Amino acid sequence: GTQMPITSEQQNEILDVCNGFFNGAPGQTFLNDFIAAIEGGATIEQLAAAFEASSVFNETILGGQNTTAAKVANLMKTYGLTPGNTDPASADAIAEAFFTAQLDAGVSYADVVLQAVAYLEGQVPDEFLPTQILYMNKAAVAAAYSADQSSEDISVLQGLYEGLTGDALLTPEEIEAIVNP
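Keep in mind it's a predicted model, so treat the numbers as computed, not measured. (Residues numbered from 1 in each chain as written. Predicted model: local features only at pLDDT ≥ 70, side-chain atom pairs only at ≥ 80, totals over all residues. Heavy atoms only, no water.)

Caption draft 1: Representation of the overall build of the protein chain. Helix and strand counts for the protein chain come out as 10 helices and zero strands. Its C-alpha atoms give the protein chain a radius of gyration of 16 Å, near enough to 16 Å, the size a compact globule of 181 residues would have. Structurally, the protein chain occupies a C-alpha span of about 50 × 40 × 30 Å along its principal axes. Within the protein chain, the proportion of its 181 residues that are buried is 41%. Entry remark: accessible area of the protein chain is about 9100 Å², with carbon and sulfur atoms responsible for 54%. (Helix = DSSP H or I, 4+ residues; strand = E, 2+ residues; numbered from the N terminus. Rg over C-alpha atoms; globule rule 2.2 N^0.38 Å. Buried < 20%, exposed > 50% of the residue type's maximum accessible area, 1.4 Å probe, protein only. Areas by Shrake-Rupley, 256 points an atom, 1.4 Å probe, with all protein chains shown as cover.)

Caption draft 2: View of the side chain of T131. Along the chain, T131 turns up in helix α8 (residues 129-148). Relative accessible area serves as the criterion here: at 7%, T131 is assigned to the buried category. Sequence-distant contacts of T131, defined by excluding residues within four places in its chain, comprise Y79, L81, A91 and L120. (Contact = heavy atoms within 4.5 Å.)

Caption draft 3: The layout of surface pockets, seen in detail. Estimated volume of the largest pocket: approximately 270 Å³. What lines the largest pocket is a set of 15 residues, and nearest its centre among them are F22, F30, F34, V56 and I154. Looking at the lining of the largest pocket, the elements with two or more residues in it are α1 (8-22), α2 (27-39), α3 (44-53) and α9 (154-159). The element best represented in the lining of the largest pocket is α3, accounting for three residues. (1 Å grid on protein atoms, 1.4 Å probe; cavity = no way out; pocket = protein on both sides within 12 Å on 5 of 7 lines; lining within 4 Å. Points joined across faces, edges and corners; volume = space filled by probe spheres on them.)

Caption draft 4: Layout of the nonpolar core. With 49 residues, the main nonpolar core has I14, F21, Y79 and F99 as its most contacted residues. No other element matches the eight residues that helix α7 (residues 109-120) contributes to this core. Those residues in contact with F99 that lie beyond four places of it in its chain are V72, L75, M76, Y79, V112 and A116. (Core = buried A, V, L, I, M, F, W, Y, C linked by side-chain atoms within 4.5 Å.)

Caption draft 5: View of the packing of aromatic side chains. Within the structure shown, the criterion is met by 12 aromatic pairs. Judged by centre distance (5.3 Å) and plane angle (70°), the ring pair of F22 and F51 falls under edge-to-face. In this pair, F22 sits in helix α1 while F51 sits in helix α3, placing the two residues 29 residues apart along the sequence. Residues F22 and F51 agree in their burial class; the two are buried. By way of ring pairs, the aromatic residues F21, F22, F30, F34, F51, F57 and Y109 are connected into one cluster. (Phe/Tyr/Trp six-rings, centres within 6.5 Å; stacked < 30°, edge-to-face > 60°.)

Structure follows, in structure tokens:
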């Protein structure tokens, strides 16, 4: 079959889904592998399913704990949310209840990530604005880093996000300082 080069939207979706699993940038080497899979005919859903089956996700990220609690904890950390918030109107409580209900209902982690991505790409209520800004900042850092840098060390790839907040969108200068310190 003919390989279609991916669009920038598809590349961003790969970065967003990668973040949902690994809370880190893929880097150029891994990103190129993921792009090749999509260009070869894989769907973003298939790529997400492959992430879910990966040993990096199951062993390194979840620590071998294939439980709803471990998966919810990773989602909360990834999206900058705090588990156990007793205010039911908070983004923390709303997201934690949603993630837990979905996973308990048998929805795959991959599908929950795809739902979170779709939600954060849209118009969100005020309580989720910091979550959306953090999500956008992580995506911007991942894109900038993965354009020309690589690592196979998950701590390096996750470390790019250290100190990022949902307070304000990063400027191009701030992004540059993170990826080329």
